[in-house]
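Coordinates in review
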Amino acid sequence: MRGKTGESIMEKPKHEPMHEPGKKPGKIFLIFAGLCVMALPFIVFAAISYESPSIVAAETHTPLIESQSLDFDHKGNTIFETHDQTSKEYIEGISTDRTLEAFYMLRQYPGSPPYIPHKELEADGVEMECLTCHAKGGWSAELKGNTPVTPHPEQLSCRQCHVKMTVDSLFVDTDWMSIMPPKLGRSHLPGAPPPIAHDLQARGNCIACHVGPGTVSAIRVDHPTRGNCRQCHVPDLHPGLFQQESTF
Amino acid sequence: MSITRRAFIKSLALNSAVAAASTLFPGIIFAGWEKTDLPSGMIDWKKTPCRFCGTGCGLLIGVSGDRAVAVKGDPNCSVNKGLCCVKGYHSVQILYGKDRIQKALIRKNGKLVEAPLKEALDLVASKMQETIEKQGKDAVSIYGSGQWSIPDGYAASKLFKGCIGTNNVEANARVCMASAVTGFFTSFGLDEPMGCYEDIDHADVFITWGNNMAEMHPVLFSRMLANRKSKGHVEIIDFATRTTRSSQASDKSILFKPQTDLAVANAICYEIIRNNWVNKDFVSKHVSFHKGKTNIGYGTQDHFKFKDKAETVDFETYKKFLEDYTPEKVEKISGVSAMDIRYLAALYGDPDKKVTSFWCMGMNQHTRGTWINNLVYNIHLLVGKISTPGNSPFSLTGQPSACGTVREVGTLTHKLPHGVVMKEAHRKMAAKIWNVPEKNIDPKPTYHTVEMFRALDRGDIRFMWIQVTNPMVTMPNLRRYRDGAKKDGRFVVVSEIYPTPTSDIADVVLPSALWIEREGFFGNSERRTQHNDQIIPMPGDTMCNTWQLIEVARRLGFEKQFPWSRETYIEDIWNEYTRFHDNPKHRMAPYKELKARAGVQWPFVDGMETKWRYNPKYDPAAKGKDFDFYGKPDNRAWIWMRPYEPAAESPDSDYPFWLNTGRVLEHWHTGSMTRRVPILHKAMPASYVEINPKDADSMGITNGSKVKIISRRGSVEMTASINGRGNPPKGMVFVPFFDENHLINEVTLDAFCPISKQVDYKKCAVKLERA
C-alpha cells in the first residue's frame, strides 16, 4: 500500500452516507463510531457490492484457529482465497470517511482491541451477531455507514475482547501512557512502498483494513486489486540498522 | 532477578537517544491515551502469565523505557495461542491508577498516614512479637490469596508454620477452590486435574456445570467455539441455574434449580447403569465404591466441626442407592425434565463420544461442593471417560495461582508444601527443608477462612496480615467480619496496591509491588507453572510481597531460615520449594526451564511435561497397561455415594428469592485492579441486580429502577437489570460482587461445605423491595 497522509488520492466518495456533516461533534463521532467497530486492520473477505447491498460472496474457508489468526506465512492460502472471493466493486469501494483519529479513539494503545462504538443491533450474546456485518463489511442501513471488516473472522467470541462503553467517567484517574501510533508514509525512498508499521498478530490479513469502503481513508491503498501485498510491504519492527560485528 | 530503578533509567536514556534519531511519530494526540515520547519502534516484548484468571494465558507485555505500554497474546503459549480477553489486553493499565499506594501507611490517631517503609515493617514485626508473647502464637495469622505469587505463599507458610509454629495460614482460595481440592482428594487421593486444555481440541461433547465460561474463562470458551466451528459435530451443553452468554452460545441450555445438580448427577449415573453404558472393564479394574456421612450440616455456627468417614461398599449397594434418583424422581426435585436427564446421560454414555465436563465456582461454592465434585467424577468413572485426550472431568480454577500457590505450596491451615500438618512424615520433611526444629510444626490445624475471621471477631486471633486479597468486600455475611476486624485490640496489616475497603480498616498498609513489577511464578488450572520476570521497576516505596515477609521474618529473628539475597531470592526460593515435590508424581520444572518457556506442566520428569495423569502412556508416575490411579492406597479412583441434600437457606414466604452472586467478564474479583482500567470501568461501571422479567413485572420494577435486596443478614440497594447480560429464572436474582460501593456480601450467608469449608456464595434467600 502507499501511505497517503497529506494529499488525498481519493475521489469524492461515490456513496456518501446520508448524514449532516459537522454540526455536532457528538453526532459526527457517533457516525464515525458507527463505522468503526471491531476491525483492526486486515482481512479479506467476501464481498458486498456496496452499490447495492446484495452479498455476492461465496462461503469462505475458515481454518481452525491456531497460534495466530491468518498469519501470512502459514495461512496465506486463506488470505489469497478471500481476496479472490472479494468482489471488484467492494475492493474499489472508497465511500467512507472514517478517519485515523476516530480509529484510534476506540483504542487504548496501538493494537488494542477497540471497543464497540455503536448500539447493539441484536441481543447481548456471544458470537455471530457481530460477524453478520463485520465478517464481510458493506453498507449498514441501520447505522448509516459502511461496516469495517474484522481481520480475524475465525474468532467467534467477539465479546471476549470487544466491550461496549456504558459510561464515560473513570473510577479513579489513570496515569496511563502508551506509544504514539505509527506514522504514515514511512517509505524509505520517494515512491517506495512503505513498510508494515504494526504488529501482524490477529491483523495479518491486509485487505480487511486497507481495502474496501469500510476502511479508514488514510490507510486505504490506491492499488487494491493487487492481492500479494507482502511482495512489496515488509514488516518494519526493528528500530536499528544492520551492524556488522567483527568476525575476528 | 531484581532490576533497579537506576538500571531502567539508564536503558531509557539509551532508548531515547535512538528514538530521537528515528522520529517515527506524527504529532497528533489521540484521545484514549496520553501523548508520550515513547516510540513504537522501541517496544520490547516480554513474556508473563496474565495477572487475572486461572486460565493462565501467556501475555507479551510491550515495554518502552520503564513503562508497560501494550499487550499482545503470546503465540508461543499453548494455553491461549496468541489470543487474550479484554482484561488481558488491557491488563497493563492496572499498573497506572493515580491512587496507587506507593508509601507505607500507619494508623495514627485513627487516621492512616504515610510513614517510612522501615518504620512500618518494624511496627508489623513488633506487633506480631508482642501478640505472640501476650496471646500465644495462635493469635497471629496470615490471610493470602490464589493471586499470591508462589514465593509469597511459600515464604508465608515457612514463616508462620515453620518458624512461628502456628497453622494460622489461610488464603481466599478456601472460598474459591477448596471443594475442588477435597473433591480431588476424596476421589483420586491427589489434587489437580488429570487432563489439560488440549482436551478441548479432542472432545466431541462439552458439558459445563454451572459455569459461565464465556465470561469467566473466555479464552478457553472461544477455543471450544473454534473447535465446534471447524469440526461441525461438536456439541456444547450448558447446564446451569441461570441463562448467560455461555447459554446463548451453547447448543442446548438446561436449567436446574439451585443445589439440585447433586440429584441430576446421580440420575445421570442411574441412567448410565440402567442402559448398560458402564465401562465394565474400566470399572472392575480401576474403580472402588464408597460412602460417607450424610446430613452433614452447613457450618453457620462458630466452632462447627465435621469429619467425614469413608466406608467401602460394593457396586450393588451403589446401584441400590441410585434408585432414589430415577429421572422421573429427579425431575421433581430439579426442574430438569426426565428427557433432558436421559439426554445428558446418553451423551456421557455414548461410547463413541469423547466428553469433557467443565466447572468452576458453580460446583465449588456449594454447601455440598465436595459431593458435587465427587458426583461428576462418578459419571466420568462409570463410563471410563477420564485421563485420555478429550475425556476429561476438568475443574477450572478461578485465580491465576490458586493451584500454583495455595494448592501446591499448601497455604491452608492443614497443609504443608508436601502433605498435611497432621502427618509426622510430612512435618519431618518440612522441618528438614525449612531448617527448623520438628516440634515447631504444630500437628493440629487451626482455623479455615470463615472460622479465622470468626476468631478475629471473637478475639481468639488478634493479629492478621492480609496480602493480595480484599476480604472486606468478599467475606460472606460481611458485616460481622468487618465489625470484628475493626474491634479494639485487633491489629490488621494489609499489603496492597490501591486503597480498598480492606486497606480502609488496616492499622498498617504495606505498599506492594504488582505482578510484572517483581519476579514470581503462577500455577494455572492445568498444572502449568509460569514464571514472570520483573519487567518494569517498582514505583515509590513498593516492595514485593515475598520480600515484605522476609523483612518481617528477619526482624523476628529468623535470618537463618530467610537468608536469601535480594538479587536471587526468587530463584533460591524456587530451588528450595521444589525439593518438596521431587518425586515423579509432582516434580516441577527447574528455574532455568521456567524462565525460558511460556509455562511448563508438572509432573515434569526427565525433561517431559505430563499432559494426562494416571495414564501410563503420558504419565511417568503411572504403571501398568492402561490406567493407574496411584493417588489412592487401593490404586483405584473412588466412586462416592453422595445424596442430594438441600441448600443451607432456601427461599420461603418471607424471603422468596434465591440470591446468586458471581463475576462479569470485565472485572476481576473485587475490581480493585480492573476498575482502574478505563475501558473496563466504562464498560461495566457498577454492579446491578439481574431480575427475571416476570418477577420484575409483577413487582413493578423496570430496567434501571432501584431495588433493595434484603436478607436475614443485611441489605443493599442496586439498579435492576432486566433482560440484561444474564437472565435468572423466575424466583432468582443475580448480583456481580465486584463493586465495593454496593456490597452484596452484606447480604450473603456464611454457610460452607463441611468437608472443604468453602463458602456457598451462590445460594441464600432474599426479598426485594422497590427503593
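Residues numbered from 1 in each chain as written. Chains lettered and ligands numbered in written order. Predicted model: local features only at pLDDT ≥ 70, side-chain atom pairs only at ≥ 80, totals over all residues. Heavy atoms only, no water.

Quick notes on the packing of helix α4 (residues 150-164) of chain B against helix α22 (residues 545-555) of chain B
Residues and elements named next belong to chain B. Orientation of α4 relative to α22, taken along the N-to-C sense of each, is 20 degrees, at an axis distance of 8 Å. Considering their axes alone, α4 and α22 lie roughly parallel with respect to each other. Crossing geometry of α4 relative to α22 is assigned as left-handed. Within the contact between the two elements, α4 uses P151, D152, A155, A156 and L159 and α22 uses N545, T546, L549 and A553. Class assignment of the residues belonging to the contact of α4 with α22 gives a composition of 6 nonpolar, 2 polar and 1 charged. (Axes fitted to C-alpha atoms, helices over the stretch in contact; angles between N-to-C directions. Helix = DSSP H or I, 4+ residues; strand = E, 2+ residues; numbered from the N terminus. Parallel < 35°, antiparallel > 145°, perpendicular 65-115°, else oblique. Left-handed = near helix turned anticlockwise from the far one by under 90°. Contact = heavy atoms within 4.5 Å. Nonpolar A, V, L, I, M, F, W, Y, C, P; charged D, E, K, R; others polar.)

Regarding the pattern of salt bridges
Residue and element names in this part refer to chain A. The full count for this structure, using the stated rule, is 59 salt bridges over all chains. With a shortest N-O distance of 3.5 Å, K88 and E92 are connected by a salt bridge. Owing to a relative accessible area of 54%, K88 belongs among the exposed residues under this scheme. (Salt bridge = Lys/Arg side-chain N within 4 Å of Asp/Glu carboxyl O. Buried < 20%, exposed > 50% of the residue type's maximum accessible area, 1.4 Å probe, protein only.)

With respect to helix α7 (residues 218-231) of chain B
Residue and element names in this part refer to chain B. Look at α7: 20 Å from first C-alpha to last across 14 residues, which is about the 20 Å you get at 1.5 Å a residue. By the criterion of burial, α7 is predominantly enclosed, with 11 of the 14 residues buried. Listed in full, the buried residues belonging to α7 are P218, V219, L220, F221, S222, R223, M224, L225, A226, N227 and R228. Those residues of α7 hidden inside the fold are in contact with β8 (205-209), α6 (213-216), β9 (235-240), α8 (245-249) and β13 (355-359). Directly after α7, the chain includes G232, whose backbone phi takes a positive value near 85 degrees. (Expected span 1.5 Å × (residues − 1).)

With respect to the pairing of strand β17 (residues 508-511) of chain B
Residues and elements named next belong to chain B. Of the two faces of β17, the one holding V508 and L510 and the one holding V509 and P511 are both buried throughout. Pairing of strand β4 (residues 104-108) with β17, which is carried by 2 bridges, proceeds in the antiparallel orientation. When the bridges of β17 are listed, L105 appears paired with V509. Summarising the sheet, strand β16 (residues 491-496) and β17 pair through 4 bridges and their orientation is parallel. When the bridges of β17 are listed, V494 appears paired with V509. (Pairing = 2+ DSSP bridges.)

A look at the packing of aromatic side chains
Aromatic ring pairs: the centre-centre distance and the angle between the two ring planes describe each pair. All names here are of chain B. Scanning all chains against the criterion turns up 39 aromatic pairs over all chains. For the pair F521 and Y591, a centre-to-centre distance of 6.3 Å together with 75 degrees between the ring planes defines the contact as edge-to-face. Placement of the pair is F521 in strand β18 (residues 520-523) and Y591 in helix α24 (residues 591-596), with a sequence separation of 70 residues. By relative accessible area, Y591 is classed as buried at 7%. What links up through ring pairs into an aromatic cluster is the set F184, F188, F282, W359, Y377, Y614, F627, F629 and Y630. Geometry around F306 places K293 over its ring, the cationic atom sitting 5.5 Å from the centre. The side chain of R642 reaches across the aromatic face of W640, ending 3.9 Å from its centre. (Phe/Tyr/Trp six-rings, centres within 6.5 Å; stacked < 30°, edge-to-face > 60°. Lys NZ or Arg CZ within 6 Å of the ring centre and 35° of its normal.)

Some points on the nonpolar core
All names here are of chain B. Ranked by internal contacts, the top residues of the largest apolar core, which has 64 residues, are V124, L159, W434, W465, L510 and F562. Dropping the residues within four chain positions of it, W434 is found in contact with Y154, S157, K158, K161, G162, L416, P417, I441, Q561, E576 and F580. Ranked by size, the runner-up nonpolar core spans 63 residues in total, among them M194, V336, Y348 and I639. (Core = buried A, V, L, I, M, F, W, Y, C linked by side-chain atoms within 4.5 Å.)

Quick notes on the domain arrangement of chain B
Residues and elements named next belong to chain B. Split by domain assignment, chain B resolves into domain 1 (115-175 + 401-561), domain 2 (194-282 + 296-399 + 634-641) and domain 3 (657-770). Of note, the centres of domain 1 and domain 3, computed from C-alpha atoms alone, are 29 Å apart. Facing 24 residues of domain 1, the contacting portion of domain 3 comprises 21 residues. Carbon and sulfur atoms make up 55% of the area that domain 1 and domain 3 hide from each other, which totals about 2100 Å². When the buried surface of domain 1 facing domain 3 is broken down by residue, V175, V473 and N477 rank first, second and third, together holding 24% of it. On inspection of domain 1 and its partner domain 3, the count reaches 3 salt bridges. E746 is paired through a salt bridge with R479; the nearest N and O atoms lie 2.8 Å apart. If you list the elements that add at least two residues to the side of domain 1 that touches domain 3, you get α18 (449-458), α19 (471-474) and α20 (478-485). The greatest single-element share of the side of domain 1 that touches domain 3, amounting to 4 residues, is contributed by α20. Here the side of domain 1 that touches domain 3 is composed, by residue class, of 13 nonpolar, 7 polar and 4 charged. (Domains from an automatic or database assignment. Buried area = accessible area lost by both parts, 1.4 Å probe.)

Looking at the sheet that holds strand β14 (residues 392-395) of chain B
All names here are of chain B. Taken in spatial order, the 5 strands of this open sheet run β10-β9-β8-β13-β14, and their pairing is parallel. Across the chains shown, the open sheet's two edge strands, defined by having one partner strand only, are β10 (252-255) and β14. Each adjacent strand pair in this sheet contributes to an overall mean axis angle of 15 degrees, direction not counted. Pairing of β8 with β9, which is carried by 5 bridges, proceeds in the parallel orientation. Residue F206 lies in a different strand from β9, and its bridge partner there is I236.

A closer look at unusual backbone geometry
Residue and element names in this part refer to chain B. Backbone torsion omega between W602 and P603 reads -5 degrees, so that peptide bond is classified as cis. Within the element layout of this structure, P603 appears in the loop between β20 (600-601) and β21 (637-641). Residue W515 is not a glycine yet carries a positive backbone phi of 45 degrees. Counting through the fold element by element, W515 comes out in the loop between β17 and β18. Residue W515 is classed as buried on the basis of its relative accessible area, which comes to 5%. Phi is positive for N635, which is not a glycine, with a value near 55 degrees. You can see N635 is positioned in the loop between β20 and β21.

Some thoughts on the sheet that holds strand β22 (residues 657-662) of chain B
Taken in spatial order, the 6 strands of this closed barrel run β22-β26-β23-β25-β24-β27 (chain B), and their pairing is mixed. Across the sheet, the axes of successive neighbouring strands diverge by a mean angle of 45 degrees, strand direction being ignored.

Notes on helix α5 (residues 178-188) of chain B
Residues and elements named next belong to chain B. α5 sits mainly inside the fold: 10 of its 11 residues count as buried. Along α5, the residues that are buried comprise A178, S179, A180, V181, T182, G183, F184, T186, S187 and F188. The first or second residue beyond α5 is G189, which carries a positive phi of 85 degrees.

Re the pairing of β13 of chain B
Residue and element names in this part refer to chain B. When you tally the buried positions in β13, you get 5 out of 5 residues, the bulk of the element. By the alternation rule, side chains of β13 split into V355, S357 and W359 and T356 and F358, which are all buried. Relative to β13, β8 is paired through 5 bridges, and the arrangement is parallel. Bridging from a neighbouring strand, V205 pairs with V355 of β13. Bridging between β13 and β14 involves 4 bridges; their strand directions are parallel. Residue pairing across strands places S357 opposite P393, the latter belonging to β14.

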